[in-house]
Every structure is written in C-alpha cells, then in structure tokens.
Amino acid sequence: MPELPPSTGFARPRPSRFALVFQLLLALGLVAASRWFHGRDLLGSELALWWLSLLLGVSVFLAVFGRGVTRRDGTGSGNAALTRTRSGSNGWAWLMLTAVLVPVAVVADRPWNAPWWPGRHEASRLPDPCLAGAAAASRLTPHARGDGDRPPNAGYGPGARCVWRDTENGATLWVEYGLAEWKGSLGGSATDAARKQQALNGRVVEEEGSRTAPVAGLGDEASSVSVPGREAAVLVRVANVTVSVRYLLPPTTGPDPARDDAAARSAAEQAAREAVGPIRLD
C-alpha cells in the first residue's frame, strides 16, 4: 500500500462545550458592562467593551458553525491528500490590534477627570440659596422675602438662585450657585468647567468704572467687583461650584461714597462667606 504524503496543514482542536458557554456568557457580560460606561459618558471604554464582546461572539460562532476551508494538494507521485487549513490564521494579528486599541480607547476617556475617580473631591448637589443667604438678607434687605428659582448655568450644569428685593429701602441681594458637571469623554473635569464659569461670571458683572480685586481666604479662588455707589459683587469658586453674591445698594448714598463702597464690599464679602459654608464636596 503506497504511503500518503504528510498533510501540509493542521486542524485546530474544537473548544469544549464548557469553554464555548463561558465565552458566550463573558461576551454578554461585557455588553452589560458597556451600559454602565454609557451611562457615565465614557465613550472609549464603552466601544472597547463592545469590541471585546464582538470578538468573543465571532469566536464562538466560528467554533460552532465554522467548517474550515478544504484544499486539495497534489504531490509529485500523483497521490492526493485532503488538508484542512487553520481557521482564524490571523488570530495573532487580531490579538495585537486589540491589545493596542483597547488601552488607547480607555485612556482617551481620561477617567481621572471623572467625579468618582479616587482623590477627586467635587460637589454633586447645590445648597439652597434662599437658606444660605437668609442671614445676609436679614441685614441688607430686611423687608424682602427670598424669591428662588433654578436658572441654567450657561451650559455648564444646573444652577440655583435666590433674590431679595427690598421695596422699602430699594436694595437687592442676589445669591446664585452654579454646579459645573463632568461631560465624559468629550470634555475636561467639572472643576475645569467651573473655572470657565468663574471667568464668565466676572465678565458679566464687570462694567465701565467697576473695580476688581482678589479676595483672600475664600474658596479656591475669589474676587470682588464693585461699582461705587451702585453695586458690590463677590465671585467665588469652590472646586466645581461657583458662587455669585451681588448686592445692589439703595439709590440714596451717604456723605462719603468711598466709605459706602467699602461697606458694601464688606457686606457682600460676608454674604459670600456665608454662602460658601453649606457647600459639600463628595
């Protein structure tokens, strides 16, 4: 009996049923985990998990339904041998591509900017401005009741505001909070957004003839802006929370405008310190 030439290919052993079930369950688990990242706007990590689950699903499909490719090789003696080519011969290439893409996708999310990242302390809620400013309102606008609302925070997140308008002495007090939120893969940290909001608040209250000065020992950064005889404002940032306190003076001024301006700035600064007190960082 003539001897057959050796086969030029080899057959990969079929995975066990337990291994296939485990791979399938792992793929489904990765799909479920991707929803967690989706809810936290981590687009890169979500896509990485979908990619891994797709590879596992394709692997299971080929193991169950794949039949390989059959090739007939002729030999010099005229004998024929049926050989089986290896299914998934480019497996190493896919593995190397995955090893590169997955870490890049995860790092692109910059998870260290997320509020749940260890060591990052940011606020997740705002105090009630009507409660925080009640003491200052009793001093500056004693005949007014607080009118609270929740205006948008210029696209950076939610806001909360309370206004006291004293119709008897004409003074008005504003206490407003802004909560900057993390925007996931497409943005920086919530604290970075609050810095931008703080700069925007400064441009809003500044006007011709206003005086701006830093305020030491208040929050992470603070400044006062005053228009002599008209208004005194203090702007504060604590992590990802901005605080704006505006005190509009009564229309009548005393004999010394400079003293009135200093007193107004002092009153606004005290109100700002009281408004910063209830802020809690997680």
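Before reading on, note that the structure itself is shown above.
The present account deals with the structure reproduced in this document. Since the model is a prediction, treat every value here as computed from it, not as a measurement. (Residues numbered from 1 in each chain as written. Predicted model: local features only at pLDDT ≥ 70, side-chain atom pairs only at ≥ 80, totals over all residues. Heavy atoms only, no water.)

Taken as a whole, this structure holds one disulfide when the rule is applied. Across a sulfur-sulfur distance of 2.1 Å, Cys-130 and Cys-162 are joined as a disulfide pair. On the sign convention where negative is left-handed, the bridge of Cys-130 and Cys-162, at about 95° about the S-S bond, is right-handed. With Cys-130 in helix H4 (residues 129–132) and Cys-162 in strand S4 (residues 159–165), this residue pair connects regions lying 32 residues apart in the sequence. Take Cys-130: its relative accessible area is 23%, and that puts it in the partly exposed class. The exposure class of Cys-162 is buried, given its relative accessible area of 0%. (Disulfide = S-S within 2.5 Å. Helix = DSSP H or I, 4+ residues; strand = E, 2+ residues; numbered from the N terminus. Buried < 20%, exposed > 50% of the residue type's maximum accessible area, 1.4 Å probe, protein only.)

Glancing now at a nonpolar patch on the surface. Where nonpolar side chains cluster on the molecular surface, the patch consists of Leu-54, Val-58, Phe-61, Leu-62, Val-64 and Phe-65 and spans about 550 Å² of accessible area. Structurally, Val-58 is set in helix H2 (residues 43–65). (Patch = residues over 30% accessible without salt bridge, like charges linked within 9 Å, V, L, I, M, F, W, Y side chains within 5 Å. Areas by Shrake-Rupley, 256 points an atom, 1.4 Å probe, with all protein chains shown as cover. Salt bridge = Lys/Arg side-chain N within 4 Å of Asp/Glu carboxyl O.)

With 16 residues, helix H6 (residues 190–205) should reach 22 Å at 1.5 Å per residue; the first-to-last C-alpha distance of 23 Å fits that figure. Looking only at H6, the buried set comprises Ala-190, Thr-191, Ala-193, Ala-194, Gln-197, Gln-198, Asn-201, Gly-202 and Val-205. In this fold, the buried residues of H6 make contact with strand S7 (221–227), strand S8 (231–238) and strand S9 (241–248). (Expected span 1.5 Å × (residues − 1). Contact = heavy atoms within 4.5 Å.)

Time to look at the nonpolar core. With 35 residues, the main nonpolar core has Leu-173, Tyr-177, Val-236 and Val-243 as its most contacted residues. If you list the elements that add at least two residues to this core, you get helix H5 (134–140), S4, strand S5 (172–179), S8, S9 and helix H7 (257–276). Sorting elements by how many residues they give to this core places H7 first, with seven residues. Ignoring sequence-local partners within four residues, the contact set of Val-236 consists of Gln-198, Leu-218, Gly-219, Glu-221, Ala-222, Val-241, Thr-242, Val-243, Ala-272 and Val-276. (Core = buried A, V, L, I, M, F, W, Y, C linked by side-chain atoms within 4.5 Å.)

All right, on to the packing of aromatic side chains then. In total, this model carries zero aromatic pairs according to the counting rule given. Directly above the ring of Trp-174 sits Arg-246, whose terminal nitrogen or CZ lies 6.0 Å from the centroid. (Phe/Tyr/Trp six-rings, centres within 6.5 Å; stacked < 30°, edge-to-face > 60°. Lys NZ or Arg CZ within 6 Å of the ring centre and 35° of its normal.)

Turning our attention to the environment of Asp-166. Within the secondary structure, Asp-166 sits in the loop between S4 and S5. Under the relative-accessibility criterion, Asp-166 is labelled buried at 2%. Sequence-distant contacts of Asp-166, that is, excluding residues within four places in its chain, are made with Thr-141, Pro-142, His-143, Ala-144 and Ala-171.

Spatial ordering of the open sheet is given by S3-S4-S5-S9-S8-S7-S6, a layout of seven strands whose pairing is antiparallel. Sheet topology places strand S3 (146–149) and strand S6 (211–214) at the edges, where each strand pairs with a single neighbour. With direction set aside, neighbouring strand axes in the sheet form an average angle of 15°. Looking at chain direction, S7 and S8 are connected through seven bridges and run antiparallel. Bridge assignment links Val-225 to a residue of S8, and that residue is Ala-233. H6 contacts S7, S8 and S9 of the sheet and is inclined by roughly 175° relative to S8. (Pairing = 2+ DSSP bridges. Axes fitted to C-alpha atoms, helices over the stretch in contact; angles between N-to-C directions.)

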